[in-house]
Each structure stands twice: as structure tokens, then as C-alpha cells.
Amino acid sequence: MDQSLENFFKSNEKNVNSILTRLAFLLTLVYPVLWILRELKIYNSFPMGNFFISWAIAIFFAFFFYFVTKKHSDSRFNKYFLIVGIEIAVFSLSILNGVIVYITYVLIVLLSCMYFDQFFTFQVEIIAFVFMMISFTIRANLLPASQIETTLEEWGINHTAAGALEFSLFGIFCFYLSFSIRKILISIYEHKRTIQNVQNQLNFGFANIIEAKDENTGEHIKKTSEYVWLLCIKLMQKNLYPEVVNEHTLPIMVSAAPFHDLGKICVPDDILNKEGTLTKEEFSIIQRHPRDGAEFIEKKMRPIMDPELIEIARDMSLCHHEHMDGTGYPNRLIGDEIPICARIMTIADILDALLSVRSYKKAFSIQESFTIIKNMAGSALDPVIVDTLLECDTEVRVIRDGGVLTDEEF
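Quick caveat: nothing in here was measured; it's all calculated off a predicted structure.

A. Spotlight on the overall build of the protein chain. Along the backbone of the protein chain there are 17 helices and zero strands. The buried share of the protein chain, taken over its 410 residues, is 44%. Taking the intrachain contacts of the protein chain between residues at least 6 apart in sequence as the baseline, contacts between residues at least 24 apart amount to 69%. Accessible area of the protein chain: about 21400 Å², with a carbon and sulfur share of 62%.

B. Structural view of the environment of alanine 256. Looking at the secondary structure, you find alanine 256 in helix 9 (residues 249-256). For the pair alanine 256 and leucine 309, spaced 53 residues apart in the sequence, the C-alpha separation amounts to 6.1 Å. For alanine 256, the contacting residues outside a window of four places in its chain are Leu309, Ile312, Ala313 and Met316.

C. Focus on the environment of valine 106. Along the polypeptide, valine 106 turns up in helix 5 (residues 103-112). The spacing of valine 106 and glycine 171 is 65 residues in sequence and 7.3 Å in space, taken between C-alpha atoms. For valine 106, the residues in contact, after removing those within four places along its chain, are Phe167 and Phe170.

D. Structural detail: the side chain of serine 356. With respect to the secondary-structure elements, serine 356 resides in the loop between helix 14 (340-355) and helix 15 (366-376). Residue classification places serine 356 among the buried positions, given a relative accessible area of 15%. One polar contact links the side chain of serine 356 to the main-chain carbonyl oxygen of aspartate 352, over a distance of 2.6 Å. Among residues more than four places away in sequence, those in contact with serine 356 are Lys361, Lys362 and Ala363.

E. Up close: unusual backbone geometry. A cis amide bond links tyrosine 329 to the next residue, proline 330, at an omega of 10°. Tracing the backbone through its elements, the reader meets proline 330 in the loop between helix 13 (307-319) and helix 14. Unusually for a residue other than glycine, tyrosine 241 sits at a positive phi of about 50°. If you trace the backbone, tyrosine 241 turns up in the loop between helix 8 (220-237) and helix 9. Within the chain, arginine 332 stands out as a residue other than glycine whose phi angle is a positive 50°. Residue classification places arginine 332 among the exposed residues on the basis of a relative accessible area of 55%.

F. Structural view of a nonpolar patch on the surface. Where nonpolar side chains cluster on the molecular surface, the patch consists of Ile59, Phe63, Tyr66 and Phe67 and spans about 390 Å² of accessible area. Within the secondary structure layout, isoleucine 59 lies in helix 3 (residues 48-71). For isoleucine 59, a relative accessible area of 33% translates into the label partly exposed.

G. Fine view of the packing of aromatic side chains. According to the stated counting rule, one finds 15 aromatic pairs in the structure shown. Each ring, one from phenylalanine 25 and one from phenylalanine 63, has its centre 5.1 Å from the other, and the planes form 85°; the classification is edge-to-face. Taken together, the positions of phenylalanine 25 in helix 1 (residues 3-28) and phenylalanine 63 in helix 3 put the pair 38 residues apart, joining distant regions of the chain. A residue is classified by how much of its surface remains accessible, and phenylalanine 25, at 27% relative accessible area, is partly exposed. Residue phenylalanine 63 is classed as partly exposed on the basis of its relative accessible area, which comes to 44%. Summarising the aromatic geometry, the rings of phenylalanine 60 and phenylalanine 61 are spaced 5.5 Å apart at their centres and angled 75° between planes, so their arrangement reads as edge-to-face.

The rules behind these values
- Residues numbered from 1 in each chain as written.
- Predicted model: local features only at pLDDT ≥ 70, side-chain atom pairs only at ≥ 80, totals over all residues.
- Heavy atoms only, no water.
- Helix = DSSP H or I, 4+ residues; strand = E, 2+ residues; numbered from the N terminus.
- Buried < 20%, exposed > 50% of the residue type's maximum accessible area, 1.4 Å probe, protein only.
- Contact = heavy atoms within 4.5 Å.
- Areas by Shrake-Rupley, 256 points an atom, 1.4 Å probe, with all protein chains shown as cover.
- Polar contact = N/O pair within 3.5 Å; in protein donor to acceptor, adjacent residues only side chain to side chain.
- Patch = residues over 30% accessible without salt bridge, like charges linked within 9 Å, V, L, I, M, F, W, Y side chains within 5 Å.
- Salt bridge = Lys/Arg side-chain N within 4 Å of Asp/Glu carboxyl O.
- Phe/Tyr/Trp six-rings, centres within 6.5 Å; stacked < 30°, edge-to-face > 60°.

Set out below in C-alpha cells:
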């Protein structure tokens, strides 16, 4: 299975575990409701001893699930603990005299479909069926003889056969549902990945046009994208800017990075590749490229690109020359007015420029580059992202030298 798709199913499993943990707490509220109904003489056909034991079991499992799923959130056994625990809670309710909740067993099987794993659903069906059969047996022995029109054996056989038939039919439906949903999700993912591959080709097609036009940049597009990826990974590890930098936005930011200098298409070649110092007028023309790039992305690329990619690519293009103290261009934004994706792009852009040979300068060492960037923290650059970069000496060296970093190395 593709790694990204596997991550999607793992992420979904954590979300479902969280939902079922909340459900376990909700189940504990059923007991006080029954107690109130009993006190009001509306419903009083269960023994209080069994009632309090069942309530205590339900509360224990609810808190047990909460702490286990929090402390061991990545454990593949969490879903089994949760399902079995909820089964036990339902089981304890079903054997209370007068409380008939057999249908809840098939509802638990339906809950298992949320994991999009037909084999897990099948396992839950077996577990639920065993619990249901045991509850039939116990309940038959708890019923007063006056409530049974036939013999105890006939009553048990009739209810067991009917329950087994209904459960089997519903179990087949749930297995097919889980299988179908998983198959559809995989199909959607593969279709989306195909579209993403086409978009990536377009991304680097535009980037190659810029590199061909700008003789100074070399592999600037490729390396700045890798520096953006590195910074995002490190920020995620440190849980910094989690609302903006996360597993969802990471691939989008990397895909958007090649567009940050798209506006240079509008800059005349003689200015873009000039070896000497730019005149004031020439520099003013250069300063237009962030806005030109953002306008091109917004007007020409929106119809063919993902909306989230467009938003981030536009912000990176427009704001990657803005400074935290308001001395940047084109809009002289200050501090938090600068999008975080653009702050990341700015540092990646400056880092590669410092480490690379240009017609007007030699390449600086990593230590020299880090010192320059550190001195820019707080004035031009986001100090949080700068501090994160300064911890990446080894990784930066690999990227600078043309190596490749992978997720497994983090």
C-alpha cells in the first residue's frame, strides 16, 4: 500500500478511536437515566445489585480507554480494546433483568465499519456474536418462569435462532459496507494522486521556465523546495504553528514552493542576469516580481490547480520578500501580517542563495550562512523558524550537496 494512503487509514483509525472513547463515556450516562426512571416508578424491572456492578464496569472501561488511547495513541490494539470494552458495557446492560438491547450488538458491528477495514469488521462480528449468544443464555436463566410461555429450552432456541439469523444478515451487510467504502477510498486516492502528479509536472514545468530565464539560480527551485520540506518537518516535530504546518499542509507547501519566483518571468533578461549592481530603477523592476507572480498564480493557474495549493503558492510568491520589521516588499507587511508559509519560504530562499555560487558572489559555508540568517532573526526573519533551521546543520549539508532526505530519517 502507498505510504500516504496507509497514513490516511492510520490517521482515520486514531480519529475513530477518539470517537469511540467519547461513546464509552456516553454509555455510562445510560445508567443514571435508568436509575432516575426506577426512582420515578417508570421502569423498575432490574435488580439494583447487578445495576451498580454494571455501572462500575462501564465507568472503569471508559476511563481505561481514555488513558490507554492517550498514552499509546499509535497502538494497533486500541481499536480492539475499545470495541471489546463497549461490547462488555452493552453485555452488562443486556443481562439486566428487563433491559433488552440485543440490537445494540449489530450497531457495534456498524461502528466497526468506520475503520474502513473489512477484516476488522469481520473480527468484530465474531466477537459481538459470541457476546450476544452468551447474553441469550444468561438472560434465559434470569427470566421469571411466568414470562416464558414455552419451556426454557424452547424459548432459548427460538430467540437464539432468530437473533443469529438477523445478526448474520446484518453482519454480511456490514462486511460488504466496510469493504466497499475502503475500495472507494482507495480509488479516490489513486485518482487524486494521478491529478497531483500532473499538477507536480506543471509545477516544475513553470519552475524550469524560470530557471532557464535566470542564469544565476541553478537548482534553486529544487533546493528551496527541499529546504521548505525540511523546515516544515522540523516545525511539526516541535509542534510549532500546528494550525498551519501539519501533515495535511506539508505536501501542499512543498508543491507550492517552486512558484515563489514565478513573477521573474516578467523581468527583462538583461536585468535578471545583470552581473553588476542594479540601478534604482532596475531594482524597482525586480521588486515587482512578487506581485506579478501572485497575480499570475491567481488568474492563470486557479482553474487548473487545487484551491489550497493556489492560496499557499500565491502567499509564498507575494510575501517571500516581506520582512518581520516591515522593511520588505512589495507591501511592507509586519510580523503576523506575513503568512507563515511565506516566512518559511523566505528563509529557504535566503539559505539557498547564501549557499550557492552567484555571478556576483561566492558560496558561503553553512556556518557562515547560519550566522547571517541568525543575525536577521526578528528583523527580517521569523525567529522561531530561524531557531528551527539552526538545528538542521546535518540535514542542510545533505541537501546542499545534492543528497536526498526521506521521512524515515526523522
